[in-house]
Structures are given as structure tokens and as C-alpha cells.
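Coordinates in review
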Amino acid sequence: MIPTQDASARKREIDEKLKQEQDTLSFIRENLEKSDQLTKGMVSILSSFESRLMQLENSIIPVHKQTENLQRLQDNVDKTLSCMDHVISYYHVAKDTDKIIKEGPSGRLDEYLACIAKIQKAVEYFQDNNPDSPELNTVKVRFEKGKELLEAEFHSLLTRYSKPVPPILILDMIGADDELDTQEEVTLDHLPETVLQDIICISGWLVEYGRNQDFMNVYFQIRSSQLDRSVKSLKEHFRKSSSSSGVLYSPAVQNKRKDTPTKKPPKRPGQCRGRLPRILLTLGADHLPFTPVCMAPD
């Protein structure tokens, strides 16, 4: 009896475990089926997403390429417009600079030279790109007009501000250089500083772009004329003073001579061989067609 009961109990135990295993297997099978369904659903979603992504890519790539082409076209149009504006500006140079050129460089030399530079660039452009253009002749005429007015301004400045040096000032320089211990140095200003800078600027431009050296002859003629007048005035002063014991120096220097001890006697006009030649060279006497009487050697 005992073995039969044990066998029955053992069988029931095995049947229960088998049933549990079957239930577990069924649960796993159901979960696997659900997992398969979820996997299939995910694959379907991913496939749909990939398909839509490919469609989007196929739609965007042409738009992107078209946008790049449009951007390139816009850049080319901007560059073309910029070049056209640059070229068109050359056609407007004559009109834009007409007023300033006609009024001349007096009082605004820098602005005037800037206009001349614009005209010169326009001439170079038309010569290189459109030599048959009527605008070339227009800007050439305007350039020549501007150059003529610069030369006229050069002549006007020299004529207006070049003046003969007074004999007394020349004698002051001789005296100060010879034997006087003056506190203030006697200086000779040929031209005002601003006028001198304008003359230098104009002459520099004429040397570089004027294509001739006529302005140098103008400078020589005007300055040598004033030098001639200065020396003649000095000779006349000597002539008037040689007949009397007149004062050869200005009152300022004469007063300093009284206060300055010296053993040297005052020099007569014929005794100024040592210092006067250097003063005359400072004035530009090397341009004179004659030799001053006081420049005779010892």
C-alpha cells in the first residue's frame, strides 16, 4: 500500500509541475507573439519613417541646390551691379568735377587735387577700355583745364607772395652773422609757410603728372626777378649811404651795436666781401646774370 500511495503522490506532483510548466510556456508563447507583433509594428513604423525621410530628402536636395544656384546668381548680380556703378561713375566724373575745376584750386588745393585724380583715373579707364568713346575727349579736356589752372595758381602764388627783400634786412643779416652777439636771430622768410606748402604740393604734382617743366621756368623768372630787385635795392642803398655816414643797419640792430663792445670798425659798403656773398647765395644770387660789386674777392 505504501509504495502505491507514494507513486500516486509522486505522479500528482509531476502532473502539477507539468501543468505549471505548460502554463509558463503558454505565457511565454503569448508574450513572444505580442513581442513579434510589436516588432513588426516597429519595423513597419521605421520603414514608413525611412520612406518618408527619403521622400523628404529627395524633395529638399533639389530645393537646396536651387537655393545655392539662386544665391550664386544673387552674388553675381551684386558684383555686376557694383562693377556697373564703378564704370558708370567714370561717365559722371566730368559732370561731378565741373564746378570745382571751374572755380580753381585757390583756397582748397587738397579737394582740387582729389578731383584731378578722379579725372585722371577716368582718362586711364577710357584709354584702356573704350578709346573711341566721346567721354575720353571730355575728360582729357577737363584734365588739361585742371592742369592749366594748377599752373596758373602756381604762378599766382609766386607772383602774389614773392617780394624783394628790404636792404635793411639784408644788412641786418650781414651784421648779425658778422660781429653781433644778438639774442634774437635775424631770419629771412621768403614765403609764408602755408603758401610754401601749397607751392611744394603743386610743383610735386606738376613734376609727376604735368608732362612738362614749364612751371620751373615760371619759378625761375619770378624768383630771379625779385632777387634782381632785392640786389638792385641793396646797391641803391649802398650808393646813397656811401656819400654820407648813414646807418647801414636797422634801428634795432644799430641799438644792439651800441651796447655790444667790439674792436672792429664798421664796415663800409666796399668791405662786405666776406659775409654778403653768402647772404646773396641765400637769396639766390647764383641765378643773377651779373656779379654784385660786393662779391669781389679780397
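Up top you'll find the structure we're talking about.
Residues numbered from 1 in each chain as written. Predicted model: local features only at pLDDT ≥ 70, side-chain atom pairs only at ≥ 80, totals over all residues. Heavy atoms only, no water.

**With respect to the packing of aromatic side chains**
Throughout the structure, instances matching the rule amount to 6 aromatic pairs. Pairing Phe143 with Trp205 gives two aromatic rings, centres 5.8 Å apart and planes at 45°, and the pair type is tilted. Here Phe143, found in helix α3 (residues 134-161), pairs with Trp205, found in helix α5 (residues 193-209); they are 62 residues apart in sequence, far enough to count as distant. Each member of the pair, Phe143 as well as Trp205, carries the same accessibility label: buried. Cluster of aromatic residues (ring-pair linked, three or more members): Tyr90, Tyr91, Tyr125 and Phe126. (Phe/Tyr/Trp six-rings, centres within 6.5 Å; stacked < 30°, edge-to-face > 60°. Helix = DSSP H or I, 4+ residues; strand = E, 2+ residues; numbered from the N terminus. Buried < 20%, exposed > 50% of the residue type's maximum accessible area, 1.4 Å probe, protein only.)

**Points about the pattern of salt bridges**
Summed over the entire model, instances satisfying the criterion amount to 9 salt bridges. The partner of Lys102 in a salt bridge is Asp98, with the nearest N and O atoms 3.3 Å apart. One end of the pair is Lys102 and the other is Asp98, both in helix α1 (residues 2-103) and 4 residues apart, which spans about a single turn. Using a relative accessible area of 22% as the deciding quantity, one classes Asp98 as partly exposed. Residue Glu111 is joined to Arg108 by a salt bridge in which the shortest nitrogen-to-oxygen separation is 3.9 Å. With relative accessibility at 38%, the residue Glu111 sits in the partly exposed group. Residue classification places Arg108 among the partly exposed residues on the basis of a relative accessible area of 23%. Through salt bridges with shared partners, a single ionic network connects Arg10, Glu13 and Lys17. (Salt bridge = Lys/Arg side-chain N within 4 Å of Asp/Glu carboxyl O.)

**Topic: the packing of α3 against helix α6 (residues 214-242)**
At their nearest, the axes of α3 and α6 sit 10 Å apart, and the two run at 10° to each other. Taken together, the axis directions place α3 and α6 in an arrangement best described as roughly parallel. Here Phe154, His155, Leu158 and Thr159 of α3 lie close against α6, whose contacting residues are Phe215, Val218, Tyr219, Ile222 and Arg223. A breakdown of the residues in the contact of α3 with α6 according to their chemical character gives 6 nonpolar, 2 polar and 1 charged. (Axes fitted to C-alpha atoms, helices over the stretch in contact; angles between N-to-C directions. Parallel < 35°, antiparallel > 145°, perpendicular 65-115°, else oblique. Contact = heavy atoms within 4.5 Å. Nonpolar A, V, L, I, M, F, W, Y, C, P; charged D, E, K, R; others polar.)

**Observations regarding the environment of Ser162**
Looking at the secondary structure, you find Ser162 in the loop between α3 and α4 (167-178). Overall, Ser162 belongs to the buried group, its relative accessible area being 4%. Along the sequence, Ser162 and Leu191 sit 29 residues apart, while their C-alpha atoms lie 6.7 Å from each other. Every residue in contact with Ser162, bar those within four places of it in the chain, is listed here: Leu157, Leu191, Ile222, Arg223 and Gln226.

**Here we look at a nonpolar patch on the surface**
A cluster of nonpolar side chains, namely Phe49, Leu53, Leu56 and Ile60, defines an oily patch on the protein surface of about 400 Å² accessible area. Looking at the element boundaries, Leu53 is found in helix α1. (Patch = residues over 30% accessible without salt bridge, like charges linked within 9 Å, V, L, I, M, F, W, Y side chains within 5 Å. Areas by Shrake-Rupley, 256 points an atom, 1.4 Å probe, with all protein chains shown as cover.)

**What to know about the nonpolar core**
Ile119, Phe126, Val139, Leu150, Ile199, Ile202 and Trp205 are the most contacted members of the largest nonpolar core, which has 30 residues in total. Breaking this core down by element, the ones donating at least two residues are α1, α2 (109-129), α3, α5 and α6. Here the element with the most residues in this core is α2; it accounts for 10 residues. Residues within four places of Trp205 in sequence aside, it is in contact with Leu113, Ile116, Phe143, Lys147, Leu150 and Gly210. (Core = buried A, V, L, I, M, F, W, Y, C linked by side-chain atoms within 4.5 Å.)

**Notes on the packing of α2 against α5**
Running from N to C, α2 and α5 cross one another at 10°; their axes reach a closest spacing of 11 Å. With respect to their mutual orientation, α2 and α5 come out roughly parallel. Across the interface between the two elements, Leu109, Leu113, Ile116 and Gln120 from α2 touch Asp198, Cys201, Ile202, Trp205 and Tyr209 from α5. Here the residues of the contact of α2 with α5 sort into 7 nonpolar, 1 polar and 1 charged.

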